[in-house]
Every structure is written in C-alpha cells, then in structure tokens.
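Chain and residue survey
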Amino acid sequence: MAEISREKAASEFESLDNSEAELADEFDNGARDSGSERMKRLRKKSMRLPMDPGVYIMKNKKGEIIYIGKAKHLKNRVSQYFGSQNNHPVKVRRMVQNVADFDYIVVSSEFESLVLECSLIKQHAPKYNILLKDDKGYSYLKISGDTWKNLTFTHQKLDDGAKYIGPYMSSDNVQKSLEEACKIFRLPTCSMQFPRDIKSARPCLNYYIKQCSAPCAGKITMEEHNKRVDAAVKFITGGSEAALKELNDKMLESSEKLEFEKAAYFRDTINAIKRTREKQVVYSNKIKEQDVFAVAESEDKMCLSVLRFSDGRLYDSEWFIVESIEDLPSARLKFITDYYSIRNCIPGHIAVDGEIESKDILSDWLEKKRGGKTVIYIPERGENAGLTDMAKKNASEKLAQRTGSTAREVRALQELSEILGLKKIPAYIESYDISNTAGEYNVAGMIVFKDGRPLKSAYRRFKIKSFEGQDDYRSMNEVISRRVDEYKKYHDENGSADSDEGFGKKPDLILLDGGKGQVSAVKDVLSSSLMSDVPLFGMVKDSKHRTRAIVATGEELSITDKRAAFTLVSSIQDEVHRYAISYHRLKRSKGMVRKTLTEIPGIGEKRAAALLKKFGSVQKLSLADEDEIRKTDGMTKKTAADVYKYYHPDN
C-alpha cells in the first residue's frame, strides 16, 4: 500500500461530509460556551464518531490545530478526552482545556492512520505533539574542496556546496572517529590548503611516523589523496568491518598485480584499523547494527534514551526529556515514531525495554521508511538485555538530574511499576501498618513516599475506634475506610482536583504491611469508592521479619531479583512499622500514666487526661502546688488537695 502523501492528507483534512458540516455549524452556534457546557458538547460530538481507524485533529477557539492523534477506533479514543479528567496526565488535561472543536479523517487501516498522523504532524507541528525537539547541538562531517578533498568536523551545516554527513548527537565520538580515520588513512590534519600549499614545505613529523601522506611535499597525487578521503568516510560511516573487507580485497588485488608498494599500504592500513578496534569496547557480538531504546519515568516527566550501535560498538547516544504520556506502551510508540521522523538512519534491528502499542504497525512503517526489513524486539536475557539495561540506566540518570532525585530512586520506582504491572510510575505511595499489645492501645500508622523518598509532612496516625480487642483485619478495614471518607470529603468541599499531598491526594499505590488477609480485608472498601482505581498490594515478610515479596489476592510477586525495587519496598515496610509502633508506644505510655493517676481518690479517666494536658508529664504535676492543680479543668478543691497530698505525703 502506497504511503499517504502530504497533499492527499491535506485534501482529506479539508473535506468534510454533510454530517460533519452539521457538527461544525453546531460548534459555530455554541462557540462562546465554556467549561462543562463545552465538554458536554464535545463529548456529544465524539459519541457520534464511527468505530473506524482514523486520525483526529484537535483545534483551539482560534481554529488552530493544537494536537493530532491516531486511533484504532475513533469513537472510543476521542470520547476518552471529554470524560473524566482525573485519570489524564497534566499535559493531556491542559490540552483538553484548550480544545474548542475537532475534525477527523477516516482511513481504511491502522497502518494508514499511523502514516497519516506522522504526515500531518510534520506538516502542522501542533503544540501538544512536539515531543522530541530537534534543538540540540549536533555535529557533522564536512567534505569540502573542488579538487583536493578536505575532511573536517563542524557544528553547523551551511549552504556552501560542501557535502555534510550527519547529524551526530555526540560531537566527542565524531571527533575521535575523525582523528582515528586521519591517522589510519594518513590524511593531513594541519591548516595547509591544497593545491595552494603543495611543495611549500618539508614533511612534518606525522609523515615520518606514518600518520600523514605529506601532500605539502608532493608525496601523493590528488587522485590517491581523494581515494583515501573516501575510504576514511566509509570507515567512519560504514564501520570498521566494511572498511576491513574492502581494504583486504584491494590488498589481494594489488598483490596479484605485483603492485607490492600499494599492497603494503593496504596491509598497514588494515593493521591500523585492527589496532583501533582493539581499543574500542565491543558491546554486542550477535547484532552488529541496532538502536536500543529505553524509557525512565517520574510523576510528571519521561526520559527517552537511545543508544546507537554499529559493528557491535556504541557510536552515538541521545536522550530526550518530555512530559509524561498516559502509559508506557503508547509512550514507546510515540517516542520511536517521533525519533525516526527527525532521523533518517534506521537500522535493521531495534531493541526496546518493554511492550509497544501497535508494534506490527510501527514495524511496517519503519520498513517503508528504511526500504528493508526492520525487526523490533524486547531482549529478555543475554547481552542484548544488558544493552537495554544500559539504556535504561542512562535514562534514569538523566531524569534524576532533571527532577532532583537520584538515579537509584528513579530506577526503583520503574522496577516496582514493572513488577506490579502498573500503568504509571507510583510516584506517590501510601503505606499502612497496625500496632497493638494484645488488643490494647490499638493504633495504625500511615506513611507516604514521594518520588522514592519519605514525605513526613503527609504522615498520619489513627486510633482504632470501632471496636476493642485484637483484630488486625478489622483494624485495617477501619483505617482504609476512614482514609477513603477523608478523600471523598475533600472532593465534596473542593471539587474534582486533587491536592498536592495529604488526604486530598489520591495515591498511585497503596502498600499494606501484611499478606493476602490484609489485602482482602480492605479490597471491597477501595473498589466501591473514589479511589477504586488505586492499586493495592501487601508486603510479606519472612520468618526473620525481612521483606520477602509483594502480594495481592493471588500469587506472591518476588522482588528479591530487582535490587532497587527491593530496597525501596524494604525501606517502606521498615518505616511504616517504625511509625506505627512508635505511636503505639506513645499511646501505651500515656495510658500507663493515666492508669497511675486514676489510683488517686477522685481522679478518673477524664480528670487524668486533663491533668496530663495541663502539665504535660507526671514529673511536672508532682512539682505543682495545690492552687495550680485546682486550676485544671474539672478539678474541685478536694480533688486538688488529694492529688497534692498523693505526691507530698509528708505535708
């Protein structure tokens, strides 16, 4: 199937059928509506879309295109934008707030929708589609000169008639490759210009150590020099394997013709390339040429890392930081299509660190652009899995630098998300634990980890109120019920937007200190509330009270082989246990003190609590005089005298 041209895309974009025209009139009549009325109108329009593949075009109130997307089923995809906004990332919510109308184009297949989407995005450059901006400092190899060719390195691509090869992201890699190529093929690196400076000087040291062919002294012809420049370019762009094969063939050919001086040159060049190869680190012996993609994610940012390999060696790397996309499979699809829209060189193999939305469609699109087969795969073990791991570490490191976190924290949240099968990174995690002594002083603690770190301002404590005695399941049920009620109360008072932290913030993940029993005890509470979409898991310990696994209601999920995630979950479990038990000890200590005070005649629970509230401790109470004790709420002259006498029996 032929690729959809920009002209065809534009003509299809301009043409609307009668029903679409009616909807456009409907928009004009209500152009001044806002807020909920606008959302209702757009949702009504979206519900009338067909269940066919196609492309949708979002516009603002000025009629400008602000977003272009593709869909397997137009009705399902577009209607999602105008439903509940709670599950959308910040960028999507911001885009939807600016949508005044939308158009659409129906196509015959999902592949056509991808081709058309890429074409329209390139044509219109909508504000909310620009993910991978091509605004970094790139490097080029420049081949200049009408007669004597000159191979140099530059940061700018000028309209000067020269030939440019690139762009390359890593200027350091390009410079090193150029230096090696000049040494191997004995190209001059001085400032002399040829043919102007031919025979203008004696050869320099580089000629005598066989790193220059000395055109300045007339030691080489223009034809031979240009051949060496061409060979150097092939070495840099095609890799050392291709260069070695070509040079070896030329060496054998020269030997057969008895051109021993030429054969010796080719032999020396081959040896120079081999010495260079020995210095380079081989990352992949199985797949020589490939690109490796990986994504790291925080609460509101994503980083795409790309490692580019030729001859099994890393020759270039790039990274891009953008706002988060709804889920990782669609993010990978968007990243890769955007990346190869701004890059022409597509390898035969592409490794990714996880699932990709519409993988087959993407593969077809890449094959059309490349003009050959492209294999997209997810390495599970071996050296190629190590390459995706390297790319992911690079992405985590870059994202950590941007967000102020550490690479380990970013990686831990990423690993935890993968283990639990979450749709997004759990940047805001709540954890709960129950603590009591044989049912007495029954309390619970709630802690929060934000971006992999404790957020102590969001910690909360609970005293179990609905029953007395020991029942961890009922206790956990009460705590989560109260947490859900607080979230609902916040939304009833403040609308649909979440707060930044506290009870008005919906967590990305809830972890309970306990196994299947604790999870089962609270699952129904969550599922019937505004927090029904929050993932819920339990943290299981071994016989030595160390974190062993995570569990929902099915099998346990081992985390011991994921070091960063294991360390994070262990830290959460230790911290929530510490916080709950410290609150329990505080309550028990105060309880014991109150129990001691109730031994004084006339002092019950209420008066004991009032005394502790006023004086803060038994020690300060024992030092108080009778008049001070009398001023306590609920205290009579007689009871004040009895308390004073209790601590001063000699008086």
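Refer to the structure above for everything that follows.
These notes cover the structure that comes with them.

Conventions adopted
Residues numbered from 1 in each chain as written. Predicted model: local features only at pLDDT ≥ 70, side-chain atom pairs only at ≥ 80, totals over all residues. Heavy atoms only, no water. Pairing = 2+ DSSP bridges. Helix = DSSP H or I, 4+ residues; strand = E, 2+ residues; numbered from the N terminus. Axes fitted to C-alpha atoms, helices over the stretch in contact; angles between N-to-C directions. Expected span 1.5 Å × (residues − 1). Buried < 20%, exposed > 50% of the residue type's maximum accessible area, 1.4 Å probe, protein only. Parallel < 35°, antiparallel > 145°, perpendicular 65-115°, else oblique. Contact = heavy atoms within 4.5 Å. Nonpolar A, V, L, I, M, F, W, Y, C, P; charged D, E, K, R; others polar. Left-handed = near helix turned anticlockwise from the far one by under 90°.

**Some points on the sheet that holds strand S10 (residues 349-352)**
The mixed open sheet is built from five strands, whose spatial order is S9-S8-S7-S10-S11. Edge strands, defined here as strands with exactly one partner in the open sheet, are strand S9 (313-323) and strand S11 (375-377). The average undirected angle you get between the axes of adjacent strands in this sheet is 15°. In terms of strand pairing, strand S7 (residues 290-297) meets strand S8 (residues 301-310) through eight bridges, oriented antiparallel. The residue of S8 that forms the bridge with Phe 293 is Val 306.

**Some thoughts on helix H15 (residues 407-420)**
For H15, spanning 14 residues, the distance from its first C-alpha to its last is 20 Å, which sits close to the expected 20 Å at 1.5 Å a residue. Most of H15 is tucked away: 12 of the 14 residues are buried. Following H15 by one or two positions, Gly 421 adopts a phi angle in the positive range, close to 65°.

**Considering the packing of helix H12 (residues 328-341) against helix H13 (residues 359-370)**
Where H12 contacts H13, the two axes come as close as 11 Å, and the packing angle between them is 5°. Considered as vectors, H12 and H13 are oriented roughly parallel to each other. Residues Leu 333, Ile 336, Thr 337, Tyr 340 and Ser 341 of H12 form the contact with H13, whose own contacting residues are Leu 362, Trp 365, Leu 366 and Lys 369. Looking at side-chain class alone, the contact of H12 with H13 contains six nonpolar, two polar and one charged residues.

**Brief notes about the packing of helix H16 (residues 472-494) against helix H17 (residues 516-527)**
Remark: H16 packs on H17, axes separated minimally by 9 Å, with the N-to-C direction vectors making an angle of 30°. Here H17 runs roughly parallel to H16, going by the angle between their axes. H16 and H17 meet at a crossing whose hand is right-handed. Across from Asp 472, Tyr 473, Met 476, Asn 477, Ile 480, Ser 481 and Val 484 in H16, the residues of H17 making contact are Gly 517, Gln 518, Ala 521, Val 522, Val 525 and Leu 526. The residue inventory of the contact of H16 with H17, partitioned by class, reads eight nonpolar, four polar and one charged.

**Some details on the pairing of strand S18 (residues 547-551)**
Summarising burial for S18: four of the five residues are buried, a large majority. Pairing between strand S17 (residues 536-541) and S18: four bridges, direction antiparallel. Among the inter-strand pairings, Gly 538 is bridged to a residue of S18, identified as Val 551. Where S18 meets strand S19 (residues 556-558), three bridges bridge the pair, whose relative direction is antiparallel. Of the residues in S19, the one forming a bridge with Val 551 is Glu 556. In this structure, the hairpin formed by S18 and S19 is closed by a connection of four residues.

**Quick word on the sheet that holds strand S3 (residues 101-106)**
Read from one edge of the open sheet, three strands run S2-S1-S3, paired in antiparallel fashion. Of all the strands in the sheet, the pair left with one neighbour each is strand S2 (65-71) and S3. Taken pair by pair, the neighbouring strands of this sheet meet at an average axis angle of 20°, ignoring direction. Pairing of strand S1 (residues 54-59) with S3 involves six bridges; the strand directions are antiparallel. Bridging across to S3, Val 55 finds its partner in Ile 105. Its contacts with the sheet put helix H6 (residues 110-124) on S1, S2 and S3, and the angle it makes with S2 is roughly 165°.

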